Amino acid sequence: EGDDAENDPPTAVVVNNNHDTAAAPAAPAVVNNHAPSNRLVRIRDNFNATGVRKKARSKSTFDGHQRNNVRFVLYLYEQNSELLVDELRHQLDDANAEPDYSDVVSRHPQYVRRGGKKSLDERKEEFRQSLLRDVISDALGNPGTTPNQQVVDFDALTANADVFVTYLTTELRKADGGLNKAGSYLSHRSSLVYLFRRYRYIPSREFEAD
C-alpha cells in the first residue's frame, strides 16, 4: 500500500515577502501650547470689515495731512527758509539747483497735441516743485512710522504765528484769488497740529490761542 500522504492534495504555501517587523507607531499629534503673539492677536482682531474700514480711514487721514504739510513746508522753503532745519534745507537746495527738464521738454509737443494748455515754463515749474515735494515727503516718512528726519524749527515757527496765518491767507486762495471756505483753512490747521503730534512737539499756549 502506498503512503497515504502521497495522495493528499498539496498544502498551499503562503509566502510573505515582508519582513517580520512590527508596524511603526503613528507619530503623536503636535500640540502648540504657545499663546499667539500680541501682534498676531491685533491682526486677527482687525481682520474684519470694521477693522479694514478703520485702517482705510486712517490712511486717508494721513494722506490728507501729508499733502497739506508737504505744501506748507514747501512754502516755508520758498518764503521763510530760515524756519527749516539745515539738513532739509540743504537737501532741497540740492534738488533745486539743476533740475533735469529734458523729459519735460521732449514730452511737451505731445502734451500740446493732446490739448494741453500749460506753457513749457509752467510745466517746468510743476516738475521742479514735484522734485521738492518728493524730498519733503521722504523726510516726513510713511504712516505708522516716526518721521525720517526733522523738517521745521518748531520753536522758531511758533514764535511767529503770523507765518502760518500769512500762508493760509495767501497760498491757499482759489485760482481766481478768492478765499476758500472755512473748512479748508481748518483742515490745514488740523494738519499742522498733526505735524506737531508726529514730532511730539507741544506748541506754546500763545500759539494755540492765535
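**Topic: the packing of aromatic side chains**
- By the definition in use, this model includes eleven aromatic pairs.
- Taking 6.2 Å as the distance between ring centres and 70° as the angle between the ring planes, the aromatic pair formed by F62 and Y194 counts as edge-to-face. With F62 in helix α3 (residues 49-79) and Y194 in helix α9 (residues 182-198), this pair connects stretches of sequence that are 132 residues apart.
- Measuring from ring centre to ring centre gives 5.2 Å for F72 and F164, while their planes differ by 90°; the resulting arrangement is edge-to-face. Of this pair, F72 sits in helix α3 while F164 sits in helix α8 (residues 162-171), placing them 92 residues apart in sequence.
- Members of the aromatic cluster, joined through ring pairs, are F154, F196, Y199, Y201 and F207.
- The ring of Y111 has R123 sitting right over it, with the charged end atom 4.1 Å from the ring centre.

**Section: the layout of surface pockets**
- In this structure, the largest pocket occupies an estimated 260 Å³ of space.
- Forming the walls of the largest pocket are 15 residues, and the residues nearest its centre are F164, R189, L192, F207 and E208.
- Every element with two or more residues in the lining of the largest pocket is listed here: α8, α9 and α10 (205-209).
- For the lining of the largest pocket, the residue count by class is twelve nonpolar, no polar and three charged.

**Quick word on unusual backbone geometry**
- A positive phi angle, close to 55°, is found at R200, a residue other than glycine.
- Positionally, R200 belongs in the loop between α9 and α10.
- Given a relative accessible area of 75%, R200 falls into the exposed group.

**Describing the pattern of salt bridges**
- Considering all chains together, one arrives at five salt bridges under this definition.
- A salt bridge links D103 to R107; its shortest N-O distance comes to 3.1 Å. One end of the pair is D103 and the other is R107, both in helix α5 (residues 102-113) and four residues apart, which spans about a single turn.
- Salt-bridge contacts for E126 lead to K118; the nearest nitrogen and oxygen are separated by 2.2 Å.
- A relative accessible area of 37% places K118 in the partly exposed class.

**Side note on the packing of α5 against helix α6 (residues 120-140)**
- Packing of α5 against α6 leaves a shortest axis separation of 10 Å and a crossing angle of 130°. Regarding the angle of α5 to α6, the classification is oblique. As α5 packs across α6, the resulting crossing turns out to be right-handed. For the pair formed by α5 and α6, the contact residues are V104, V105, R107, H108 and Y111 on the first element and L120, R123, K124 and F127 on the second.
- Broken down by class, the residue content of the contact of α5 with α6 amounts to five nonpolar, one polar and three charged.

Conventions we followed
- Residues numbered from 1 in each chain as written.
- Predicted model: local features only at pLDDT ≥ 70, side-chain atom pairs only at ≥ 80, totals over all residues.
- Heavy atoms only, no water.
- Phe/Tyr/Trp six-rings, centres within 6.5 Å; stacked < 30°, edge-to-face > 60°.
- Helix = DSSP H or I, 4+ residues; strand = E, 2+ residues; numbered from the N terminus.
- Lys NZ or Arg CZ within 6 Å of the ring centre and 35° of its normal.
- 1 Å grid on protein atoms, 1.4 Å probe; cavity = no way out; pocket = protein on both sides within 12 Å on 5 of 7 lines; lining within 4 Å.
- Points joined across faces, edges and corners; volume = space filled by probe spheres on them.
- Nonpolar A, V, L, I, M, F, W, Y, C, P; charged D, E, K, R; others polar.
- Buried < 20%, exposed > 50% of the residue type's maximum accessible area, 1.4 Å probe, protein only.
- Salt bridge = Lys/Arg side-chain N within 4 Å of Asp/Glu carboxyl O.
- Axes fitted to C-alpha atoms, helices over the stretch in contact; angles between N-to-C directions.
- Parallel < 35°, antiparallel > 145°, perpendicular 65-115°, else oblique.
- Left-handed = near helix turned anticlockwise from the far one by under 90°.
- Contact = heavy atoms within 4.5 Å.

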